[in-house]
Amino acid sequence: MDRKVRIAQYGCGKMSVYLMRYVLEKGGELVAAFDMNPAVIGRDIGDIMGTGTVGIKVSDAKDADRILGELKPDACIIATRSTMIDLKNAFATCAQNGVNAISTCEESLYPWNSSYKITKELDELAKANNCTLCGSGYPDMYWGSLITTLAGSIHNLKKIIGSSSYNVEDYGIALAEGHGAGLSIEEFEKQIGNYNGLSYEETEKLIVDGIIEPCYMWNQNGWLCSQLDLHIISQTQECIPITHKDDLKSNTLGMTIKAGNATGMSAVVTTKTEEGITLETRCLGYVYGPEDMDRNEWTLEGEPDTTLVVNRPATVELTCATLTNRIPMLIDAPPGYVTTEKMPVNYYLVKPMHKYVKSK
């Protein structure tokens, strides 16, 4: 591409502070921004980033269809909520205007095994308008490409065991509430934990019917199996509350979580495959106490056993950088909803991002 990549930002909350700055510093051009929050609408995006006036003001999300249709940016970054049902309209708005879109939404990384109907509709809409939709972020690399690359050094793989923790305070109220933060144990068991112990078929049906939400590793195991060419025969999930011995203040929730109440949850997904390889992965999302930290640990059992540990990853920044580096691949990908295991492994952009775009 012989010009800057023109990008719109959809969602101007905590993540956008990094996303928009990273786009500019990687040589992209921000041409529009959208949000639903009246306190944000009308603000210059430079004020949100803390970099000084840029000249682009946040528009009301209800005007996104018109503005995207007029501006026709090369890509739109969607950083709003964490499920496909919540993102459907934003993705559809981009697709019907022929705008490539990439989201931080955790489910969007591999929604084919949790929101098939929505994903298929978006896939067809994107194909009809010659654009690409996908999800990316921290899981794309730290739960995905790092693990499948490491598997390439294993002679005989038997089991993948993964664990990743993150502070729900860093990702906004929707994610914190979705993890049960602030609930009593009784409320947690009634609202979230009451679906533990279901079979694969029962869980899958409830997910398809929208009665329960898949935890992040549900989608991640699908991504990993797709990349490793494994065929799933069963998959189950269990959500377990995490507590703290002391009261914890949550700025995101605007409350103090009483000692013994849920600060979040550990969500465990167990996947069995035709090939005999089992995946047992868990994500631990909760309001951190003073002693807690982000930690990413994966063990591949077989010949030989191998463990990868990343302590204190800057999860928010890594999410935003991973997504930003994906943008040239998004633009070059074929039309449709194309998950990232079907794209090249992510790489660092040394040159401005438009130098990596081959298709235009």
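Above: the structure in question.
Each chain carries its own residue numbering, running from 1 in the written order of its sequence. Note on the predicted model: pLDDT of at least 70 is required for a residue's local features to be given, and 80 or more for side-chain atom pairs to be given and counted; whole-chain, interface and lining totals, by contrast, use all residues. With hydrogens and water stripped out, all remaining heavy atoms of the structure feed into the side-chain values.

1. Remarks on the overall build of the chain
Secondary structure elements follow DSSP: runs of H or I of four or more residues count as helices, runs of E of two or more count as strands, with numbering from the N terminus. Broken down by element type, the chain carries eleven helices and 15 strands. The C-alpha atoms of the chain give a radius of gyration of 20 Å, which matches the 21 Å a tight globule of 360 residues would have. Principal-axis analysis of the C-alpha atoms places the extent of the chain at approximately 50 × 50 × 35 Å. Buried means the residue's accessible area, taken with a 1.4 Å probe over protein chains only, is under 20% of the maximum for its type, while exposed means over 50%, and partly exposed covers the values in between. Taking all 360 residues of the chain together, the buried fraction comes to 55%. Long-range contacts, defined here as pairs at least 24 residues apart, represent 72% of the contacts in the chain between residues at least 6 apart. Per-residue and other accessible areas follow the Shrake-Rupley method at a 1.4 Å probe size, with only the shown protein chains counted as cover for residues. Surface accessibility of the chain: about 15400 Å² in total, with carbon and sulfur atoms responsible for 50%. Throughout, the radius of gyration refers to the C-alpha atoms, and the reference size of a globule is 2.2 Å times the residue count to the power 0.38. Should any heavy atoms of two residues lie within 4.5 Å, those residues are counted as being in contact.

2. A look at the pairing of strand β11 (residues 262-273)
Burial runs high along β11: ten of the twelve residues are buried. The rule for pairing is simple: two strands pair if DSSP sees at least two bridges between them. When strand β8 (residues 232-243) meets β11, the two strands line up antiparallel, connected through eleven bridges. Within β11, the position partnered with Thr243 by the bridge is Ala262. Sheet analysis places β11 next to strand β12 (residues 278-286), joined by nine bridges and oriented antiparallel. Residue pairing across strands places Thr271 opposite Leu279, the latter belonging to β12. The hairpin formed by β11 and β12 contains four residues between the paired strands, and Gly276 there has a positive phi angle of roughly 85 degrees.

3. Brief notes about the environment of Ala92
Along the chain, Ala92 turns up in helix α4 (residues 84-96). For the pair formed by Ala92 and Ala126, sequence separation is 34 residues and the distance between their alpha carbons is 8.1 Å. In this structure, Ala92 is in contact with Leu122 and Leu125, ignoring residues within four places of it in sequence.

4. Notes on the environment of Gly264
Note that Gly264 resides in strand β11. Separated by 112 residues in sequence, Gly264 and Gly152 have C-alpha atoms that sit 34 Å apart. Excluding residues that lie within four positions of it along the chain, Gly264 makes contacts with His179, Ala181, Phe188, Ile240, Pro241, Ile242, Gly285 and Tyr286.

5. A word on the pattern of salt bridges
Note that side chains of opposite charge can pair when their charged atoms are close. Criterion for a salt bridge: a side-chain nitrogen of Lys or Arg within 4 Å of a carboxyl oxygen of Asp or Glu. Tallied over the full model, the rule gives eleven salt bridges. The salt bridge partner of Asp123 is Lys127, with a shortest N-O separation of 3.1 Å. Here Lys127 and Asp123 lie together in helix α5 (residues 116-128), a separation of four residues that amounts to about one turn. With a relative accessible area of 48%, Lys127 lands in the partly exposed category.

6. A closer look at the nonpolar core
The nonpolar core is taken to be a set of buried Ala, Val, Leu, Ile, Met, Phe, Trp, Tyr and Cys residues, with the residues joined through side-chain atoms within 4.5 Å. Counting residues in each nonpolar core, the largest one holds 82 residues, and the members touching the most others are Val5, Ile7, Ile45, Ile77, Trp143, Tyr166 and Ile327. When residues of this core are assigned to their parent elements, the largest contribution, seven residues, is made by helix α11 (residues 315-332). Not counting the four nearest positions on each side in its chain, Tyr166 is found in contact with Trp143, Tyr171, Leu175, His179, Tyr216, Cys283, Leu284, Gly285, Tyr286, Tyr288 and Asp294. Listed in part, the 27 residues of the second largest apolar core include Ala8, Cys76, Ala92 and Cys131.

7. A short note on the sheet that holds strand β7 (residues 156-167)
Taken together, six strands build an open sheet; the order of strands is β8-β11-β12-β7-β13-β14 and the sheet is mixed. A single partner strand is all that each edge strand has here, and the edge strands are β8 and β14 (306-311). Taken over all neighbouring pairs, the strand axes of this sheet differ in orientation by 10 degrees on average, direction set aside. Note on geometry: axes are lines fitted to C-alpha atoms, helical ones only across the stretch in contact, with angles between N-to-C directions running from 0 to 180 degrees.

8. Concerning helix α9 (residues 200-208)
All of the buried residues in α9 are Tyr200, Thr203, Leu206 and Ile207. Buried residues in α9, looked at end-on, bunch into an arc of 140 degrees, giving them a common side. Turned more than 90 degrees off the buried face of α9, the exposed positions are Glu201, Lys205 and Val208. In this description, one arc is meant: the one made by directions from the helix axis to the C-beta atoms.

9. Structural notes on the environment of Gly260
Along the chain, Gly260 turns up in the loop between β10 (255-257) and β11. When sequence neighbours within four positions are dropped, the list of residues in contact with Gly260 reads Ile185, Thr243 and His244.

10. Considerations on the packing of helix α6 (residues 138-151) against helix α10 (residues 216-228)
Between α6 and α10, the shortest axis-to-axis distance is 10 Å and the interhelical angle comes to 35 degrees. Crossing angle aside, the handedness with which α6 passes α10 is right-handed. On α10, the residues touching Pro139, Asp140, Trp143, Gly144, Ser145, Ile147, Thr148 and Ala151 of α6 are Tyr216, Met217, Gln220, Trp223, Leu224, Gln227 and Leu228. Tallied by class, the residues present in the contact of α6 with α10 amount to nine nonpolar, five polar and one charged. Here is the rule for handedness: rotate from the far helix to the near one, and if that takes an anticlockwise turn smaller than a right angle the crossing is left-handed, while a clockwise turn gives right-handed. Amino acids outside the nonpolar list (Ala, Val, Leu, Ile, Met, Phe, Trp, Tyr, Cys, Pro) and the charged list (Asp, Glu, Lys, Arg) are all regarded as polar, and Gly is one of them.

11. Details of unusual backbone geometry
A cis amide bond links Glu303 with the next residue in sequence, Pro304, at an omega value of -5 degrees. Considering the arrangement of structural elements, one finds Pro304 in the loop between β13 (295-303) and β14. The phi angle at Asn130 is positive, at roughly 55 degrees, despite the residue not being glycine. Assignment of secondary structure puts Asn130 in the loop between α5 and β6 (132-135). Judged by relative accessible area, Asn130 falls into the exposed class, the value being 58%. The phi dihedral of Arg312 falls on the positive side, at around 50 degrees, and the residue is not glycine. Along the chain, the position of Arg312 falls in the loop between β14 and α11. The class for Arg312 is exposed, based on a relative accessible area of 59%.

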